[in-house]
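Commentary on secondary and tertiary structure
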Amino acid sequence: MKFALAGNPNCGKTTMFNNLTGASQYVGNWPGVTVEKKEGKLKDHRDIIVTDLPGIYSLSPYTLEEVVARNYLLAEHPDVIIDIVDATNIERNLYLTTQLLETGIPVVIALNMMDVIKKRGDKIDIKKLSEKLGCPIVETSALKGSGLSKLIETATASAKTAALQPIVHKFAADVESSLTDIEGILSGVVDQKSLRWYAIKLFERDEKVEAQFKFKADTRDKINEIIKLCENQYDDDSESIITNERYLFIHGLMRECVKKREEQMTISDRIDRVVTNRVAAIPIFIGVMFLVYFISVSWLGTIVTDWTNDVLFGEYISGWASDGLAAIGAADWAQSLVVDGIIGGVGAIIGFVPQMLILFVLLALLEDCGYMARVAFIMDRIFRKFGLSGKSFIPMLVASGCGVPGIMASRTIENESDRRMTIMTTTFVPCGAKLPIIALIAGAMFPENSWWLAPCAYFLGIGMVIISGIILKKTKPFAGEPAPFVMELPQYRVPGAKGVLIHMWERGKSFIIKAGTIIFASTVVIWLLSNFNTSFEMVDINESMLAGIGNAIAPVFAPLGFGDWQSSVATITGLVAKENVVATMGVLHGIAEATEESAALLASVAGTFTVVSAFSFMAFNLLCAPCFAAIGAIKREMNSAKWTWAAIGYQTLLAYVVAFIIFQLGSVFVLGQPFGVGAVIAIALIALIVWLMARKGYDPSKRKASLSAVEANS
Amino acid sequence: MPLTFATAGKKAFICKIKGKDDVRHFLGSLGFVEGEHVTVVSEMGGNMIVNVKDTRIAISKTMANRIMVADA
């Protein structure tokens, strides 16, 4: 048996799906988290498959989500549609319900968030509503998990007894007669079950449905005539007629079945007046993000990380491991592999996991309470100035956890050039794996005063998105107006502890798994390469294969201030996974300092960098080509080798230029070194960037105009 | 008057939505239909958050300009 979960965006479908199947799919408190449908088996009823469809407002063909959902319903024909209706805005939700009922598939309504309605003192006459709609209604609360067994029972019963959904709701007589005429033409052509659905879609002139039928010219004319007649009667286009009829029907239902208290400003509205205030919105956003990164990287994070790094790994684990290995008489190289290679490398990452987890908790809190959706609205004003819509900010929010889902989230952006630009710039926002780099530099270079560095890294990313946006929008492939911004904002709510912890764990888990697999393998390879020469003799690290490779690459990074071979190698290994940057540092610096009492990574790193070159190193690693997993995601979403290369090429070039400017000018102004050729080039580069941002740029409308002028002359 | 001129916090009703394209139909499925009551929650450089049918919708200036309202 197959159940499909359908409903408006952010009405609790995925929460319901997780409750029903025991899965832990990503749930966010903003619309559009589920882009593609997901399948799972019902808990305790393994023979029932549940499909979670993306959230939709209607079954029209305007957005990707709507097309995915309706194709599934019509082609796969599930046995029951569980329509999740958010009782707190029942009127808008029922708009979709009326369309689901028309598909002919039996519908069961899960009236969700009933607890909120009761608390508000509103009343819904469920029995009457069920009669008027012609389908069973079950009260549920997805958040609390109540009403689920009743829902499953009702849905199973409907699937067994009702083969066909009776369509109770009717439109105005004129519209009905037009629909009956179209049904007459269609009868025999389509399945009796979905006759009304197809009649309505043809009446609405739905192009995707029209294309399915290969009507003869005279049949098409006949249908057109029916629609035209009705359109003239109502002086409106057919699709709007249907929209209005649906709302009229729902209005009637509301009058009869729903009793609401007089509307007043809700708490959500009051919060919105403050946080989306014209003047205060952006300072509030900056303040919030500043706090998030300050708490997770500098304040609370450092306390936990210092302990794991210095005490847990520094003293206990590596102490035990070397003593233990010595006691069983392991060879020197084996001891070195375990202590310097694996514990030094993987440990360096594990040490930063607490910081990541704190970051994830804070981000999850912001998402869950509903603030992040407002940020998209706030940023729309800024993004629009350089031709991206606020919708592009959603992928960037997701990317602050991990770039791969961030890049995938760009799929909801309809406009192709907007989408490409979003994909190219999304990974500038530092992801969780880049956090250790920031934390390492913060801890090593600014041990006393690092509070500003992590927020600064975040806003460096956002700043680069904005600068790139302005520059790219002036080039030919990206020119054009951004699509208008429309987005539903969820209600503010107190985040649930369970949801936040699940979020944190889901995101944190993948890093721990990565540490055990990719990072582990990488550190072993790095250890091998850094201890042996090309003829596989164990040598001093400076004569190893890795030193050779590093020294060959190092000159490339010399103008950026980190031309030593260790940093070069760390940057390259960062392509495998960004955590590797720190892991490699852990292996290489661990070995170099092995003779000293303290093998602390921080002290050793502090020795290799100046304040300026450390900042440049961090900037380059944050902005340059992302890890292989993210590059793979870029390739899938761009669906073109040319665009993929363009994206990584642009990212790396920008990273190089930014790091160059930071190092060259930083050396002069911060370290007080003489003003040289490098600084001159850096200033020239800044001038170039300013020019690229300020120039007039390509204007598609102008080009057309000048072409026609030429034609006119000839 | 276009929605962009409406005062925040005051109820208004939609008298007309201009245009006959996809955007208009999408607005329709979100609850923006003629005769419906709307309240502007907040406004930011022409972009606005609007309360319609018990939900808050954020829309950009170009869209808001196409929705004509009158004081209720």
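Along each chain, numbering runs from 1 in the same order as the chain's sequence is written. All chains are assigned letters beginning at A, and all ligands numbers beginning at 1, according to the order in which they are written. Predicted model: local features are reported for residues with pLDDT of at least 70 only, side-chain atom pairs are reported and counted for 80 or more only, and whole-chain, interface and lining totals are derived from all residues. To obtain the side-chain values, all non-hydrogen atoms of the structure were used and water was disregarded.

Before going further, it helps to spend a moment on the overall build of chain A. Across its full length, chain A holds 31 helices and nine strands. With the C-alpha coordinates aligned to their principal axes, the bounding extent of chain A is approximately 90 × 80 × 55 Å. Split into buried and exposed, the 714 residues of chain A put 55% on the buried side. Contact between two residues is taken to exist if any of their heavy atoms lie within 4.5 Å; hydrogens are not considered. By sequence separation, contacts in chain A at least 24 residues apart represent 72% of the contacts at least 6 residues apart. Of the roughly 30100 Å² of accessible surface on chain A, a fraction of 62% belongs to carbon and sulfur atoms. Of the side chains in chain A, 64 bear a positive and 69 a negative charge, and the two mean positions are spaced by 6 Å. Here a strand is any run of E in DSSP of at least two residues, a helix any run of H or I of at least four, and the numbering for each starts at the N terminus. For the exposure calls, accessible area comes from a 1.4 Å probe over protein chains only, and a residue counts as buried if that area is under 20% of its type's maximum, exposed if over 50%, partly exposed in between. Residue burial considers only the protein chains on display, and all accessible areas are found by Shrake-Rupley using a 1.4 Å probe. Counted as positive: Lys and Arg. Counted as negative: Asp and Glu. His and the chain ends are not counted at all. Every charge is mapped to an atom, namely NZ of Lys, CZ of Arg, CG of Asp or CD of Glu.

Looking now at the pattern of salt bridges. Here, a salt bridge means any Lys or Arg side-chain nitrogen found within 4 Å of an Asp or Glu carboxyl oxygen. Taken as a whole, this structure holds 23 salt bridges over all chains when the rule is applied. The residue Glu43 of chain B makes a salt bridge to Arg278 of chain A at a minimum N-O spacing of 2.7 Å. Of the two residues, Glu43 of chain B sits in strand β2 (residues 37-44) while Arg278 of chain A sits in the loop between α12 (267-275) and α13 (281-327), which places them in two different chains. Among the charged side chains, a network of salt bridges with common partners joins Asp236 and Asp237 of chain A together with Arg24 and Glu34 of chain B.

Turning our attention to the confidence of the model for chain A. All names here are of chain A. The quantity called pLDDT is the predictor's confidence in a given residue, expressed from 0 to 100. Residues of chain A with pLDDT of at least 70 account for 93%, and the chain-wide mean is 83. Between residues 592-599, whose pLDDT stays under 50, and residues either more than four places distant or in other chains, the model counts two contacts. Predicted confidence is poor over residues 704-714, with pLDDT under 50, and the contacts of this stretch with residues over four places away or in other chains come to zero contacts.

The next point concerns the side chain of Glu488 of chain A. All names here are of chain A. Structurally, the position occupied by Glu488 is in strand β9 (residues 486-489). Looking at Glu488, the relative accessible area reads 9%, which means it is buried. Polar contact is the term for a pair of N or O atoms within 3.5 Å; when the atoms are in protein, one must be able to donate a hydrogen and the other to accept it, and sequence-neighboring residues count only if both atoms are side-chain atoms. At 2.8 Å, the side chain of Glu488 forms a polar contact with the side chain of Tyr57. For Glu488, the side chain forms a polar contact with the side chain of Arg92, separated by 3.0 Å.

Residue and element names in this part refer to chain A. Strands pair, by our definition, only if DSSP identifies at least two bridges between them. Spatial strand order, β2-β3-β1-β4-β5-β7: six strands in an open sheet with mixed pairing. Bordering the open sheet on either side are β2 (38-42) and β7 (137-139), each of which pairs with just one other strand. Sheet twist, expressed as the mean angle between neighbouring strand axes with direction ignored, is 25 degrees. The pairing of strand β1 (residues 2-7) with strand β3 (residues 45-52) spans four bridges and is classified as parallel. When the bridges of β3 are listed, Leu5 appears paired with Asp52. An axis is simply a line fitted to the C-alpha atoms; with a helix, the fit covers only the stretch in contact. Between two such axes, the angle follows the N-to-C directions and lies from 0 to 180 degrees. Of the strands in this sheet, β1, β2, β3, β4 (80-86) and β5 (107-112) touch helix α1 (residues 13-21), which is tilted by about 35 degrees from β2.

In an α-helix, one turn spans 3.6 residues; hence positions three or four apart end up facing the same way. All names here are of chain A. Multiply 1.5 Å by the residue count of a helix minus one, and that product is the helix's expected span. Compared with an ideal rise of 1.5 Å per residue, which puts 13 residues at 18 Å, helix α27 (residues 611-623) spans 19 Å between its outermost C-alpha atoms and is within 8% of the ideal. Across the 13 residues of α27, twelve count as buried, placing the element largely inside the fold. Listing the buried residues of α27 in full gives Val612, Ser613, Ala614, Phe615, Ser616, Phe617, Met618, Ala619, Phe620, Asn621, Leu622 and Leu623.

This brings us to the side chain of Ser158 of chain A. Within the secondary structure, Ser158 of chain A sits in helix α6 (residues 148-161). A residue is classified by how much of its surface remains accessible, and Ser158 of chain A, at 10% relative accessible area, is buried.

Once that is clear, we can look at the sheet that holds strand β5 (residues 67-71) of chain B. Read across the sheet, six strands follow the order β9(A)-β4(B)-β3(B)-β2(B)-β1(B)-β5(B) without closing on themselves; strand pairing throughout is antiparallel. Unpaired on one side and paired on the other, β9 of chain A together with β5 of chain B mark the two borders of the sheet. On average, each strand axis in the sheet is tilted by 40 degrees relative to the strand beside it, whichever way the strands run. Sheet topology note: the strand β3 (residues 47-52) of chain B/strand β4 (residues 55-59) of chain B ladder contains five bridges and is antiparallel. Bridged to Ile49 of chain B within β4 of chain B is Ala58 of chain B.

All names here are of chain A. Any two rings among Phe, Tyr and Trp, with Trp reduced to its six-membered ring, count as a pair given centres within 6.5 Å; such a pair is stacked if its planes are under 30 degrees apart, edge-to-face if over 60, and tilted if neither. In this structure the tally under the stated criterion is 20 aromatic pairs over all chains. When the centroid spacing of 6.1 Å and the interplanar angle of 55 degrees are considered together, the rings of Phe562 and Phe620 count as tilted. Of this pair, Phe562 sits in the loop between α23 (545-557) and α24 (565-573) while Phe620 sits in helix α27; the two residues are 58 residues apart in sequence, bridging distant segments of the chain. Each ring is checked for a lysine NZ or an arginine CZ that lies within 6 Å of its centre and within 35 degrees of its normal; such an atom marks a charge sitting over the ring. Positioned above the aromatic ring of Tyr492, the side-chain terminus of Arg374 is 4.0 Å from the ring centre.

Contact residues are listed per partner, giving 34 residues for chain B and 43 residues for chain A. Counting across the chain B and chain A interface gives five salt bridges. A salt bridge links Arg24 of chain B to Asp236 of chain A; its shortest N-O distance comes to 3.9 Å. Connecting chain B to chain A are 13 residue pairs in polar contact (both at pLDDT 80 or more). Those elements that place two or more of their residues in the side of chain B that touches chain A are α1 (22-30), β2, β3, β4 and α2 (61-64) of chain B. In terms of residues, the side of chain B that touches chain A owes the most to one element, α1 of chain B, which gives eight residues. One ladder, built from four bridges, connects β9 of chain A with β4 of chain B; its direction is antiparallel. What sits directly across from Val486 of chain A, in β4 of chain B, is Ile59 of chain B.

Further remarks concern the confidence of the model for chain B. Residues and elements named next belong to chain B. Overall, the prediction assigns chain B a mean pLDDT of 84, with 99% of residues at 70 or greater. Within chain B, α1 has the poorest average pLDDT of any element, 81, and β3 the best, 88. For this predicted complex, the interface confidence reaches an ipTM of 0.88, while the overall pTM sits at 0.78.

Now for the nonpolar core. Residues and elements named next belong to chain A. Remark: nonpolar core denotes a set of buried residues (Ala, Val, Leu, Ile, Met, Phe, Trp, Tyr, Cys) joined through side-chain atoms within 4.5 Å. Among the nonpolar cores identified, the biggest contains 131 residues, and Tyr293, Tyr371, Phe393 and Met618 are the most heavily contacted of them. With 13 residues, the single largest contributor to this core is helix α29 (residues 641-669). Look past the residues within four positions of Met618 in its chain and what remains in contact with it is Ile437, Ile438, Ile441, Leu453 and Ala457. Grouped together as the second largest cluster of nonpolar side chains are 60 residues, Leu59, Ile117, Ile223 and Ile242 included.

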